[in-house]
Amino acid sequence: MNALGRLLVAAALARGADAAAAVVIVLASVQSSGSPAQGAIVLAALLVPHVVAGPLAGVVTDRAARPRVVHALFVAVFGVCVGAVPLLLGRAPLAVILLLAAVAGCCGPMILGGLSSRLDDVTPTARRPHARGLDAATYNVAQIAGPAAGATVTGLFGAATAAVMLAVTAWCAAAILLTVGGTPTAGPGGARFVHTLRAGLACVVTRPVLRATTAASVLAEFGLGALTPAAVLVGIDSGHATGGGYLVTAFGAGALVGSLSVARFPVRRWPPFTVALVCIGGTGAALAAVAVGPSWWPLTVGLFAVAGVFDGPLLTSLLQIRATEAPAHLRTQVFTISTGLKTSTAALGATAFAVVASSGAAVGVGLIAAAHLVAVVVGLALRAAPDSTAGAKPDRRTDR
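Reference entry: report on the structure contained in this document. (Residues numbered from 1 in each chain as written. Predicted model: local features only at pLDDT ≥ 70, side-chain atom pairs only at ≥ 80, totals over all residues. Heavy atoms only, no water.)

**As for the overall build of the chain**
Right, on to step 1. Scanning the chain from terminus to terminus reveals 16 helices and zero strands.
Right, on to step 2. Out of the 400 residues in the chain, the part that is buried amounts to 52%.
Right, on to step 3. Here the analysis covers contacts within the chain between residues at least 6 apart in sequence; of these, 84% occur between residues at least 24 apart.
Right, on to step 4. Just so you have it, the chain exposes about 16,300 Å², and 71% of that area is on carbon and sulfur atoms.
Right, on to step 5. Positive and negative charge centroids in the chain, built from 25 and 12 side chains respectively, lie 7 Å apart. (Helix = DSSP H or I, 4+ residues; strand = E, 2+ residues; numbered from the N terminus. Buried < 20%, exposed > 50% of the residue type's maximum accessible area, 1.4 Å probe, protein only. Contact = heavy atoms within 4.5 Å. Areas by Shrake-Rupley, 256 points an atom, 1.4 Å probe, with all protein chains shown as cover. Lys, Arg positive; Asp, Glu negative; His and termini not counted. Charge placed at Lys NZ, Arg CZ, Asp CG, Glu CD.)

**Thoughts on the nonpolar core**
Right, on to step 1. Membership of the largest hydrophobic core comes to 47 residues, with the highest contact counts inside it found for Ile25, Val42, Val75, Phe78 and Leu177.
Right, on to step 2. Of all the secondary structure elements, the ones that give two or more residues to this core are helix 1 (3–33), helix 2 (37–47), helix 4 (67–88), helix 5 (94–116), helix 6 (119–122), helix 7 (128–157) and helix 8 (159–177).
Right, on to step 3. The dominant element in this core, judged by the number of residues it contributes, is helix 1, at 13 residues.
Right, on to step 4. One finds Leu224, Leu227, Leu287 and Phe304 within the second-largest nonpolar core, a separate group that totals 24 residues. (Core = buried A, V, L, I, M, F, W, Y, C linked by side-chain atoms within 4.5 Å.)

**Here we look at the pattern of salt bridges**
Right, on to step 1. Considering all chains together, one arrives at five salt bridges under this definition.
Right, on to step 2. Here Arg15 ties to Asp135 by a salt bridge, and the two come within 2.8 Å at their closest N and O atoms. Placement of Arg15 in helix 1 and of Asp135 in helix 7 is noted, with a sequence separation of 120 residues between them.
Right, on to step 3. Given a relative accessible area of 2%, Arg15 falls into the buried group. (Salt bridge = Lys/Arg side-chain N within 4 Å of Asp/Glu carboxyl O.)

**Topic: the packing of helix 2 against helix 5**
Right, on to step 1. Relative orientation of the contacting elements helix 2 and helix 5 amounts to 40°, with a least axis distance of 7 Å. Read as a crossing pair, helix 2 and helix 5 show a hand that is right-handed. Facing helix 2, whose interface residues are Gln38, Ile41, Val42, Ala45 and Leu46, helix 5 presents Leu94, Ile97, Leu98, Ala101, Ala102, Ala104 and Gly105. (Axes fitted to C-alpha atoms, helices over the stretch in contact; angles between N-to-C directions. Left-handed = near helix turned anticlockwise from the far one by under 90°.)

**With respect to the packing of aromatic side chains**
Right, on to step 1. Scanning the entire structure with this criterion turns up zero aromatic pairs.
Right, on to step 2. The ring of Tyr139 is capped by Arg15, whose NZ or CZ atom sits 3.9 Å from the centre of that ring. (Phe/Tyr/Trp six-rings, centres within 6.5 Å; stacked < 30°, edge-to-face > 60°. Lys NZ or Arg CZ within 6 Å of the ring centre and 35° of its normal.)

**Here we look at helix 12 (residues 243–264)**
Right, on to step 1. Helix length check: helix 12, at 22 residues, gives a terminal C-alpha distance of 32 Å against a target of 32 Å (1.5 Å per residue), a fit within 8%.
Right, on to step 2. Regarding helix 12, the residues found buried are Gly243, Gly244, Leu247, Ala250, Phe251, Gly252, Gly254, Ala255, Gly258, Ser259, Val262 and Ala263. (Expected span 1.5 Å × (residues − 1).)

**Things to note about the packing of helix 13 (residues 272–292) against helix 14 (residues 297–325)**
Right, on to step 1. Close contact between helix 13 and helix 14 brings their axes to 8 Å; oriented N to C, the two are set at 160°. With respect to helix 14, the axis of helix 13 lies roughly antiparallel. The two elements helix 13 and helix 14 cross, and the hand of that crossing is left-handed.
Right, on to step 2. In terms of residue class, the contact of helix 13 with helix 14 is made up of 19 nonpolar, five polar and one charged. (Parallel < 35°, antiparallel > 145°, perpendicular 65-115°, else oblique. Nonpolar A, V, L, I, M, F, W, Y, C, P; charged D, E, K, R; others polar.)

**A few points about the side chain of Asp311**
Right, on to step 1. One can find Asp311 in helix 14.
Right, on to step 2. No salt bridge is formed by the buried Asp311; the nearest opposite charge belongs to Lys342, separated by 6.6 Å.
Right, on to step 3. If near-sequence neighbours (up to four positions away) are discounted, Asp311 is found in contact with Leu224, Phe251, Ala255 and Thr283.

**Focus: the environment of Cys279**
Right, on to step 1. Within the secondary structure layout, Cys279 lies in helix 13.
Right, on to step 2. Distance in space between the C-alpha atoms of Cys279 and Phe310 is 4.8 Å, their sequence separation being 31 residues.
Right, on to step 3. Cys279 has contacts with Phe310, Pro313 and Leu314, leaving out every residue within four places of it along the chain.

**Focus: a nonpolar patch on the surface**
Right, on to step 1. Together, Val51, Val52, Leu56, Val60 and Phe193 make up a nonpolar patch on the protein surface, roughly 380 Å² of accessible area in all.
Right, on to step 2. A per-element tally of the nonpolar patch places helix 3 (residues 50–62) first, with four residues.
Right, on to step 3. Residue placement: Phe193 occurs in helix 9 (residues 193–206).
Right, on to step 4. Its relative accessible area of 35% is what places Phe193 among the partly exposed residues. (Patch = residues over 30% accessible without salt bridge, like charges linked within 9 Å, V, L, I, M, F, W, Y side chains within 5 Å.)

Below, the structure is given as structure tokens:
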């Protein structure tokens with residue numbers, strides 16, 4: 001298997017463990033205390049650190065002489081911590097469990113955006129659009145298979161076995177990452193850590209395309225953070241008490257189809273920024289149709305799938321924009337900053353949904369759709385703003 005194949009396998013395993021962790025932690029909480037409440041608190045500790053840890057993890061990697069070792073170390077530490085949390089629920093003080101969850105959360109941006117930043121190290125330029133589509137598909141596969149595997153193993157064998165599964169899966173990913181070579185560019189030799197950190201943040205803020213797509217995708221992710229509870233309400237209102245799970249699966253399956261489609265047939269006629277905004281708008285329009293359309297179950301499932309289809313090319317376009325807009329010595333940091341913002345914002349979106357949950361499914365799904373449509377407007381407005389880097393010396397470092 002070539003380096004790209006090994007990287008994609010490692011990414012799928014690590015992201016699958018990350019996606020399964022939420023289900024395992026909540027079920028472990030139920031098994032240990034009879035309530036999911038403690039699990040929900042632990043999940044918050046797992047998600048919130050992403051926004052702070054993203055830039056720091058990126059700087060550490062970009063400055064490393066051997067980035068693959070840093071990537072593997074982050075994934076291995078994630079495996080230790082996320083495996084320990086379900087084992088210790090109900091057995092150790094909550095403060096200890098929250099600390100372990102927070103450490104795992106600090107590794108999360110590397111598992112998501114950080115691994116995507118390595119694609120250019122192992123892929124020729126002509127093959128990168130295809131590779132980004134496959135990388136986007138690993139996110140979709142993880143979101144479909146991870147929770148299902150976590151729930152199945154926990155239900156059949158208990159939380160302890162599921163915890164071991166999480167840890168072993170992450171460690172396998174870490175071991176594979178150690179074998180992924182490539183030709184990374186050395187980080188900025190004499191630059192101070194804080195200067196590199198500021199440079200990465202400034203890159204996201206000052207470059208129009210990167211700034212616009214980051215803001216738009218974060219707003220859209222705020223809406224998607226409420227997708228699962230909103231889908232549950234839609235299922236209940238449609239007379240399908242367990243239908244929310246099928247709707248989320250339909251969305252995930254649609255996203256996988258979209259990712260594999262652009263991997264096979266990359267979109268070359270439109271710039272990635274245009275594709276990203278069209279996809280955000282497409283997801284919003286499909287979910288708006290759910291909110292205002294007739295309550296016919298097959299149509300609802302189909303609309304969730306269509307919304308997911310747009311999400312696949314969106315992720316591919318975002319990966320492309322981050323890779324091409326970021327200087328080589330800041331690339332991992334740009335990926336982890338964007339990923340950290342999206343993950344933390346999704347957690348806020350899920351929390352905010354509680355405010356409108358009593359208003360019914362139509363309102364909940366409508367607000368998710370509105371977040372996407374507002375994201376398109378914000379993206380266009382920020383793209384039109386002047387480039388504050390104009391006149392600055394261009395970065396002449398070789399792309400990774």
